[in-house]
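# Coordinates in review
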Amino acid sequence: MKKLAQLLIYFIVSTSFASEISNNIKGSIKGFVYDWQTNQPLEYATVSIKIKNEGTIVDGTITDRSGFFKLKNISAGLYEVKITFIGYETIQIDSIKICSRSPNLDVGKVKLKPKAELLEKVVVSSDRNTITYKIDKKIIQVGGQYTSTAGTAIDILENYPSFSVDIDGIVRMRGSTSFTVLVDNRPSILEPSEILNQIPSNNIEYIEIITNPSAKFDSEGSAGVINIITKKNRLEGINGMFSLNGGMFDTYGGDLLINFKKEKLNYFIGTNLNRRGIDGKLIANYRSTRNDTILFLERNGQYERRKGSQSIRGGMDYNFNDRNKISLQANYGKWVSYGKTYLDYYEFTKPESPETIYNSYDEPDRYGNYYNVDISYTHNFLKKGHRITSMLYFSNDDLVDEIKNELTDEFDEITSGQISKEYGPTEKYTFKLDYTLPIASNHKFESGYHSDIQKYNKVSELFEINEVTEAYQSIPEYYNKVKFNKLINSAYLIFSSEVKKLGYQFGLRMEHTNREIDVNDSEDYSIDRFDFFPTIHLTYKINDKNEIMVSYTRRIRRPRDWQLEPFYTWADAYNIRTGNPLLKPQYIDSYELNYLNKSEKNTFSTSAYYKKTHDQIERFRSVFDENIYLSSYENIREGNSLGLEFMVSLGFIKWWDIDLSSNLYRYWIKGELYGEDIKKSSFNLNARLNNTFKIKKSTRIQLSGMYNSPSASVQGDNQGYIMINGAVRQNITKDFSATLNCTGIFGLLKRERTYESADFYLYNYTEPYTPIFNLSLSYKFNNYKYDRKKHKRGRDLDNGEGSL
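Every chain is numbered independently, its residues counted from 1 as its sequence is written. Side-chain atom pairs in this predicted model are given and counted only at pLDDT of 80 or more, local residue features only at pLDDT of at least 70, and totals for whole chains, interfaces and linings cover all residues. Hydrogens and water are ignored here; the side-chain numbers use all heavy atoms of the structure.

## Considering the overall build of the protein
Numbering of helices and strands starts at the N terminus; helices are DSSP runs of H or I of at least 4 residues and strands are runs of E of at least 2. For the protein, the count of helices and strands is four helices and 43 strands. Relative accessibility decides the category of a residue: with a 1.4 Å probe and only protein chains considered, values under 20% of the type maximum give buried, values over 50% give exposed, and everything between is partly exposed. Classification of the 804 residues of the protein by burial places 52% in the buried group. Whether two residues are in contact is decided by their heavy atoms: any pair within 4.5 Å suffices. For the protein, the proportion of contacts with a sequence separation of at least 24, taken over those separated by at least 6, is 65%. The method behind every accessible area is Shrake-Rupley, applied with a 1.4 Å probe, and residues are considered shielded solely by the protein chains displayed. If you sum the accessible surface of the protein, you get close to 37,200 Å²; carbon and sulfur atoms cover 56% of it.

## Describing the environment of serine 395
By the element assignment, serine 395 lies in strand 21 (residues 387–408). In this structure serine 395 comes out as buried when scored by relative accessible area, which is 2%. Expressed as a C-alpha distance, the spacing of serine 395 and valine 373, which sit 22 residues apart in the sequence, is 6.5 Å.

## Re the nonpolar core
Within this scheme, the nonpolar core is defined by two criteria: the residues are buried Ala, Val, Leu, Ile, Met, Phe, Trp, Tyr or Cys, and they are joined through side-chain atoms within 4.5 Å. Grouped together as the largest cluster of nonpolar side chains are 23 residues, with contacts concentrated most on Leu196, Ile226 and Ile228. Of all the elements in the fold, those that place two or more residues in this core are helix 3 (153–157), strand 10 (163–165), strand 11 (171–173), helix 4 (192–198), strand 13 (204–210) and strand 14 (225–230). Apart from the residues within four sequence positions on either side, leucine 196 is in contact with Thr152, Ala153, Ile154, Leu157, Val171, Phe179, Val181 and Ile228. By size, the runner-up hydrophobic cluster in this structure holds 22 residues, among which are Tyr44, Ile49, Phe69 and Ile98.

## A look at unusual backbone geometry
The linkage connecting lysine 350 with the following residue, proline 351, adopts the cis geometry, with an omega of 0°. Assignment of secondary structure puts proline 351 in the loop between strand 19 (324–350) and strand 20 (356–380). Here the amide bond leading from threonine 770 into proline 771 is cis, since omega sits at 0°, within 30 degrees of zero. As for its position among the elements, proline 771 is in the loop between strand 42 (760–768) and strand 43 (772–781). In this structure, phenylalanine 249 takes a positive phi of about 55° despite not being glycine. The backbone of aspartate 521 shows a phi angle near 55°, a positive value even though the residue is not glycine.

## Things to note about the confidence of the model for the protein
Per-residue confidence from the predictor is reported as pLDDT, a score between 0 and 100. On average, residues of the protein score 83 in pLDDT, and 88% of them reach the 70 mark or higher. Residue range residues 1–23 is modelled with pLDDT below 50. Its contacts to residues more than four positions away, or to other chains, number nine contacts. Long-range and interchain partners of residues 783–804, a stretch whose pLDDT sits below 50, account for 73 contacts in this model, where long-range means more than four residues apart.

## A short note on the sheet that holds strand 4 (residues 68–75)
Taken in spatial order, the three strands make up an open sheet running 4-1-7, and their pairing is mixed. Edge positions in the sheet fall to strand 4 and strand 7 (104–112), since each has one partner strand and no second. When the angles between neighbouring strand axes are averaged without regard to direction, this sheet yields 20°. Pairing of strand 1 (residues 26–35) with strand 4, which is carried by six bridges, proceeds in the antiparallel orientation. When the bridges of strand 4 are listed, isoleucine 29 appears paired with leucine 71. Two strands qualify as a pair provided that DSSP identifies no fewer than 2 bridges between them. Between N-to-C directions, angles span 0 to 180 degrees; the directions come from axes that are lines fitted to C-alpha atoms, helices contributing only their stretch in contact.

## Brief notes about the packing of aromatic side chains
Each pair of aromatic rings taken from Phe, Tyr and Trp, with Trp reduced to its six-membered ring, is defined by centres within 6.5 Å and is described as stacked if the planes are under 30 degrees apart, edge-to-face if over 60, and tilted in the remaining cases. Evaluated as defined, the whole model comprises 28 aromatic pairs. Each ring, one from tyrosine 371 and one from phenylalanine 394, has its centre 5.9 Å from the other, and the planes form 55°; the classification is tilted. Of this pair, tyrosine 371 sits in strand 20 while phenylalanine 394 sits in strand 21, placing them 23 residues apart in sequence. A relative accessible area of 18% means that phenylalanine 394 is categorised as buried.

## Re the environment of lysine 137
Examined against the element boundaries, lysine 137 turns out to sit in the loop between strand 8 (131–133) and strand 9 (138–141). The exposure class assigned to lysine 137 is partly exposed, which follows from its relative accessible area of 23%. In this structure the C-alpha to C-alpha distance between lysine 137 and asparagine 594, which are 457 residues apart in sequence, comes to 9.7 Å.

## Quick notes on the pattern of salt bridges
Any Lys or Arg side-chain nitrogen located within 4 Å of an Asp or Glu carboxyl oxygen qualifies as a salt bridge. Here the structure, examined in full by the defined rule, presents 25 salt bridges. Residues arginine 558 and glutamate 511 are paired through a salt bridge, measuring 2.7 Å at the closest nitrogen-oxygen approach. Highlighted residues: arginine 558 in the loop between strand 28 (546–557) and strand 29 (568–572) and glutamate 511 in strand 26 (residues 502–519), separated in sequence by 47 residues. Via salt bridges that share partners, Asp218, Glu220, Arg509, Glu511, Arg558 and Arg560 belong to a single interconnected network.

## Here's the deal with the environment of tyrosine 721
On the secondary structure map, tyrosine 721 appears in strand 39 (residues 721–731). Given the relative accessible area of 8%, tyrosine 721 is considered buried. Through-space distance from the C-alpha of tyrosine 721 to that of proline 710 is 7.8 Å; in sequence the pair is 11 residues apart. Sequence-distant contacts of tyrosine 721, defined by excluding residues within four places in its chain, comprise Glu158, Val165, Met706, Tyr707, Asn708, Lys750 and Arg751.

## Brief notes about the sheet that holds strand 6 (residues 91–98)
Spatially, 3-2-5-6 is the arrangement adopted by the four strands of the open sheet, whose pairing is antiparallel. Looking at the sheet topology across the chains shown, the edges are occupied by strand 3 (57–62) and strand 6. Ignoring which end each strand starts from, the neighbouring axes of this sheet average 20° apart.

## Considering the pairing of strand 27 (residues 523–541)
As paired elements, strand 26 and strand 27 share 18 bridges and run antiparallel to each other. Note on strand 27: the bridge partner recorded for valine 519 is glutamate 523. With seven bridges connecting them, strand 27 and strand 28 associate as antiparallel partners. Across the sheet, residue histidine 537 finds its bridge partner in strand 28, namely serine 551. What sits between the antiparallel neighbours strand 27 and strand 28 is a turn of four residues.

## What to know about the side chain of threonine 535
Among the secondary structure elements, threonine 535 is positioned in strand 27. Residues in contact with threonine 535, not counting those within four places in the same chain, are Pro213, Ser214, Ala215, Gln505, Phe506, Gly507, Tyr552 and Thr553.

## Section: the pairing of strand 25 (residues 480–499)
As paired strands, strand 23 (residues 443–465) and strand 25 are joined by 18 bridges and run antiparallel to one another. Its bridge partner lying in strand 25, isoleucine 453 is registered against leucine 487. Pairing geometry for strand 25 and strand 26, over 18 bridges, is antiparallel. In the sheet register, isoleucine 488 faces strand 26, and the bridge partner there is threonine 513. The hairpin formed by strand 25 and strand 26 contains two residues between the paired strands, and lysine 500 there has a positive phi angle of roughly 60°.

Below is the structure:
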């Protein structure tokens, strides 16, 4: 009878509790957080609440100046409250119950104990760790890259050996220009180098580098994926940052970011304006052979390059309840890349001919507007880790690419002139639906559907100067219209599990590509193709400090639109381009072995990799007419990269941190072109050394050096180069800092490149004027930094570099 009564009481209580949940009872939890020793309130301590025994975080906030916190609109249930603060032991309050009888709870005064050992560790990790090592990716923490302040994403990536930048500003990842760039996990219609050139380094929180992505990622990009995460915040209240920068060669800029979070709503808005410039000298020698006549062309002069962007972005997150969240983001901007080149020409032939001396003026100008908007929704089911997410993304850009070239004689009279111009809008639509289902305690199933639509209408024109009217007139034979439509539907399946120390993940991505190209309403080039991309990832955890991962992925690089256009497009008076509509995509088999060793002060990571590219796409140059050369695109049989990459972070001296990294690989290509065998190979070494000296608690000096060895291409070679940069960062207050950086300290920024075939030779040399100085000022407001002077602790925890 007694047991029956107990069961009845239990049933009534349980039913009552379930009824409270269904009636959507809301409550609150409040309290104060104090220092255990000084009995002073702790401002900016983090308070989070999660469902008991599930680990799902429901809400979070921070304490105010009096140490007070309050969490509102908490549904009925059992919870755990966790209170943390840098340099203090964490406190967790278990079994807090929100119900109809007591919906509003007061936990009273909670005291945190300082932990001296933890404080010392935080000093080390916040000053160092410019890169965080994961077994499947590397995460670059931008806050510690002082030499990249006032730069762009390219300046950050160039500090790491996986990346190099050539004369034209084209970025290569492990020697390849084929990689995918995401911004906050979202795609873009721009080329990778263009995206990286637009994003100011001050707007970046961190960068993820994924060299062998799983089947969840799009298969595009042979070298992998770069995911740029921009600064945002999810803490309660208002906070933000403001920065200004200025330097040599018309370099100036600024950006502002404001975040606001209150209860269920979080939103941010930001804007930036940036201009960057570089001037230098240029030397180019050209030799071609046609009909037993050798033409020699020598050029030298100066160039000016300017790049700029301005944008405004904003977004919001709204949590309907503990399990449903919607996010909206939008971005609008303008960007421009322009310059001037002044060259003196000296031209002659063999057999002998009269020498010709003239001048050239080039004015490239690329500009346009863009905007994008996306909305995403996340639903978390009752079971931890069980979720479904969806995203709808749209972007549009309207770019103009224009190059003006004029030749003048010794009397400064224009002898010829032309303007080549390409323009037209591009649109991209993306839809993603991703589902994750945990099975038992250590198994997981993932699946998803992605759809990408891209279309554009582009016009290509050539204008030549009329010697009589001196006006530029369109040349009809070089007027072309292109309509491009591409639809890629894809689905993926992933299963992952763990067996003791062994973890494994198997994935398969299926893609269907439908592409149509219409040229001048008369020529049509279409494809309709299915592709399959398997992925395998295996991990073995030797112990808490050592881990190994082996992976294999299959990827693709589809031809770019300009590589497919079957007509002549003039780049300038001496360069003409044509595409190949029959160009095939290149497929990549990528194998990788990673080893990670972590200790308290030092981290070592190494990767051995091999990539085999089938039907590799290459650009070939040939003589078009005397001093004009033609660029075209062809598939060759294969390209190969076999390499070893390592990174080590050392903190063996308290005032000196070292990051050393290198990428050593052998690159070779094989194939046939126009009946001739092609074989090229080279050993390549990219090395980086970054030193950070902690002079005082508020002063840092950084000195970084990079070396890129000579490398081979299908028709030539790139010469090696060394670059040394430096920076000084001074925290004037805990919220205000100044950084002075210098690029090319010893004037070692020169770049040399050669192209050569049976009928031509081309040598290019560029050398920017150095050193280049830039000054950046940064102010963070309400940035949740704990004022240690107020509590007389005198500890330098993060040196003012915490991220927003």
